[in-house]
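Chain by chain, the residues run as shown.
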Amino acid sequence: PQAQASARRMPSRSSSSSTLVPGWLAGTFAGGLLVHCCFIPLWVGCIVPPFLAVYLLFCGGLRMLAGLALIGLIVYLDFGITVRWRPWFMRLIYELNMTRYYSRCELRGALDAVKTERNLFMFHPHGILSVGFVCNGVWNRAFNDLASPPAQQKAILAARMGDPPGAPWRGTAFMIAQNLREWSGFFKVLCDVSGRLESATRQNLTRRMAEGRNVGIIPGGFEDATLHVQGRERTAMSDRKGLIKYALQHGYALTPIYTFGESETYATFPYLLKPRLWLNRFGIPAVAFFGAPWMPLFPRRNVPIASCIGPPLQLPKLEKPTPEEVSKWHAAYLDALQALFDKHKGECGKPDAKLEIW
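Rules and cut-offs
- Residues numbered from 1 in each chain as written.
- Predicted model: local features only at pLDDT ≥ 70, side-chain atom pairs only at ≥ 80, totals over all residues.
- Heavy atoms only, no water.
- pLDDT = per-residue confidence, 0-100.
- Contact = heavy atoms within 4.5 Å.
- Salt bridge = Lys/Arg side-chain N within 4 Å of Asp/Glu carboxyl O.
- Helix = DSSP H or I, 4+ residues; strand = E, 2+ residues; numbered from the N terminus.
- Buried < 20%, exposed > 50% of the residue type's maximum accessible area, 1.4 Å probe, protein only.
- Axes fitted to C-alpha atoms, helices over the stretch in contact; angles between N-to-C directions.
- Parallel < 35°, antiparallel > 145°, perpendicular 65-115°, else oblique.
- Left-handed = near helix turned anticlockwise from the far one by under 90°.
- Nonpolar A, V, L, I, M, F, W, Y, C, P; charged D, E, K, R; others polar.
- Disulfide = S-S within 2.5 Å.
- Core = buried A, V, L, I, M, F, W, Y, C linked by side-chain atoms within 4.5 Å.
- Polar contact = N/O pair within 3.5 Å; in protein donor to acceptor, adjacent residues only side chain to side chain.
- Arc of directions from axis to C-beta.
- Phe/Tyr/Trp six-rings, centres within 6.5 Å; stacked < 30°, edge-to-face > 60°.
- Lys NZ or Arg CZ within 6 Å of the ring centre and 35° of its normal.

Undergrad: Hey, could you go over the confidence of the model for the protein for me, with residue numbers and the actual values?
TA: For the protein, mean pLDDT is 90; residues scoring 70 or higher make up 95% of the total. Between residues 1-17, whose pLDDT stays under 50, and residues either more than four places distant or in other chains, the model counts 23 contacts.

Here it is as structure tokens:
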């Protein structure tokens, strides 16, 4: 019943008859698969071009020239250009709809309480692909309809292929690891074109908060991914107090979002946890994973995914919060996250699940 109520509160689809993709592809499994086929290689393979370039340099002859050209291209994409965002690209992803890759992938919870400003969306857990963050957050039209200024969404839905770059995106800014966002060549171009994927640095976060923008982030980061064990509900949040401090300084609300099913999308190598967590300190995602049998890089699609949104926890605005005040509100957020988990675990098929907060 709650899922049905949630569905009724979701914004309706555009009534526009013109689409950017054919009907057999729009909002179908084929469309969701196509987006995964484009995005996953860019994400997982972002480390391949630099290694390939170095290899070619040592091959000599024309291959060495190809290696030099590849290095030049990587440096240019990473440091020499920033591509402006294209509204039509977002509309294209909306119409293809990544969520249709999965047997079920939906938003639930306090959808009618989602704020359009001064809110920090905290996505848990990271998992491997970060299905909740990626499919039900960044690239999800329904979520952005709820959390972004209506004018921005209208501009996307009216965009046409080949339109010039739009005005800067003023909706939710989604923060990801800086080394993934800035130093990944072709994946950086994807982030630029999206207009909404930014580096999770203190400077970016505080700048967006000063603007009153909504921000989405996975607080557990690479540590969450390292902790991933198939079937275990884990998230790293016990010592993540920096985000709480920034939220207090800007009077933000904290909205917990927990994705059930994330832990089932990949099997992982669960051993040597301590040295792998040590590698995380250097920004290295120390994970080995296996997903769908037919394509191990892809997540298992027969897993029901539900990203449950909790009510926002409003923080006071404190210009210089004390360590005690930060700890107090950090504990309050952990309680809110635990309450969200306990409320929805039964309806999401995991009545006996335990949330492990590391």
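Undergrad: Can you explain the pattern of salt bridges? Please cite residues and give values.
TA: Counted under the stated rule, the structure contains 19 salt bridges. Between Arg181 and Asp192 there is a salt bridge, with the nearest N and O atoms lying 2.8 Å from each other. Of this pair, Arg181 sits in helix 9 (residues 178-182) while Asp192 sits in helix 10 (residues 186-194); the two residues are 11 residues apart in sequence, bridging distant segments of the chain. For Arg181, a relative accessible area of 8% translates into the label buried. Asp192 sits in the buried class, given a relative accessible area of 6%. The closest approach of N and O atoms between Lys345 and Asp342, which form a salt bridge, is 3.9 Å. Since its relative accessible area comes to 39%, Asp342 is described here as partly exposed.

Undergrad: Mind laying out the environment of Cys46, listing which residues take part and the relevant values?
TA: As for its placement among the helices and strands, Cys46 is situated in the loop between helix 2 (29-44) and helix 3 (48-57). Cys46 gets classed as buried once you look at its relative accessible area, which sits at 16%. Sequence separation between Cys46 and Ser130 is 84 residues, and the spatial gap between their C-alpha atoms is 16 Å. Setting aside anything within four residues of it in sequence, one finds Cys46 in contact with Pro41, Leu180 and Ser184.

Undergrad: Describe the packing of helix 3 against helix 4 (residues 61-80), listing the residues and the values that go with them.
TA: The contact between helix 3 and helix 4 brings their axes to 7 Å, and the two run at 150°. For the element pair helix 3 / helix 4, the angle class is roughly antiparallel. Handedness of the helix 3/helix 4 crossing: left-handed. Facing Pro49, Pro50, Leu52, Ala53, Tyr55, Leu56 and Leu57 of helix 3, the residues of helix 4 in contact are Arg63, Met64, Ala66, Gly67, Leu68, Leu70, Ile71 and Ile74. Class assignment for the residues of the contact of helix 3 with helix 4 results in 13 nonpolar, 1 polar and 1 charged.

Undergrad: Summarise the state of the cysteines; cite the residues concerned and give the values.
TA: Cysteine pairs can be linked by a disulfide, which is a covalent bond between their two sulfur atoms. Evaluation of the coordinates by the stated rule reveals 0 disulfides. Take Cys37: it sits in no disulfide, and the sulfur closest to it among the cysteines is that of Cys38, at 6.8 Å.

Undergrad: Tell me about helix 10, residues and numbers included.
TA: Burial of helix 10 is extensive: 7 of the 9 residues sit out of reach of the surface. Those residues of helix 10 that fall on the buried side of the exposure criterion are Phe187, Lys188, Leu190, Cys191, Asp192, Val193 and Ser194. Buried residues belonging to helix 10 abut helix 2, helix 4, helix 5 (87-96), strand 3 (173-176), helix 9 and strand 4 (197-199).

Undergrad: Give me the nonpolar core: which residues, what numbers.
TA: Counting residues in each nonpolar core, the largest one holds 55 residues, and the members touching the most others are Phe39, Phe89, Tyr102, Phe123, Phe133, Trp139 and Phe143. Looking at this core, the element that brings in the most residues is helix 5, giving 7 residues. Each residue touching Phe39, except ones within four places of it in the same chain, is listed here: Phe89, Ile93, Met98, Trp139 and Leu190. One finds Phe260, Leu315, Phe341 and Cys348 within the second-largest nonpolar core, a separate group that totals 32 residues.

Undergrad: Tell me about the environment of Asp239, and name the residues and values.
TA: On the secondary structure map, Asp239 appears in the loop between strand 6 (233-235) and helix 13 (242-250). For Asp239, a relative accessible area of 53% translates into the label exposed. Along the chain, Asp239 and Trp24 lie 215 residues apart, while their C-alpha atoms are 47 Å from each other. Within the local environment of Asp239, its side chain forms a polar contact with the side chain of Arg240, the two groups lying 3.1 Å apart.

Undergrad: So what about helix 8 (residues 150-157)? Which residues, and what values?
TA: Turning to helix 8, its buried residues are Gln152, Gln153, Ile156 and Leu157. The arc that holds the buried residues of helix 8, viewed along the axis, is 135°, so those residues lie on one side. The outward face of helix 8, more than 90 degrees from its buried face, is lined by the exposed residues Pro150, Ala151 and Lys154. Each element contacted by the buried residues of helix 8 is listed here: helix 5 and helix 7 (141-147).

Undergrad: Describe the side chain of Asn144, listing the residues and the values that go with them.
TA: Mapped onto the elements of the fold, Asn144 is located in helix 7. Residue class for Asn144 comes out buried when judged on its relative accessible area of 0%.

Undergrad: Would you mind going over the packing of aromatic side chains in detail, with residue names and values included?
TA: A complete count under the given rule lists 19 aromatic pairs for this structure. Each ring, one from Trp294 and one from Phe298, has its centre 5.8 Å from the other, and the planes form 50°; the classification is tilted. Following the ring pairs from residue to residue traces out a cluster consisting of Phe121, Phe123, Phe133, Phe143 and Phe174. Its guanidinium or amino end placed over the ring of Trp169, Arg196 lies 3.9 Å from that ring's centre, counting from NZ or CZ.

Undergrad: Report on unusual backbone geometry, specifying residues and quantitative values.
TA: For the bond from His124 to Pro125, the omega torsion is -20°, close enough to zero to count as cis. Following the sequence through the fold, Pro125 ends up in the loop between strand 2 (119-124) and helix 6 (131-138). Although it is not a glycine, Arg118 sits at a positive phi angle of roughly 50°. Structurally, Arg118 can be placed in the loop between strand 1 (104-109) and strand 2. Relative accessible area serves as the criterion here: at 27%, Arg118 is assigned to the partly exposed category.

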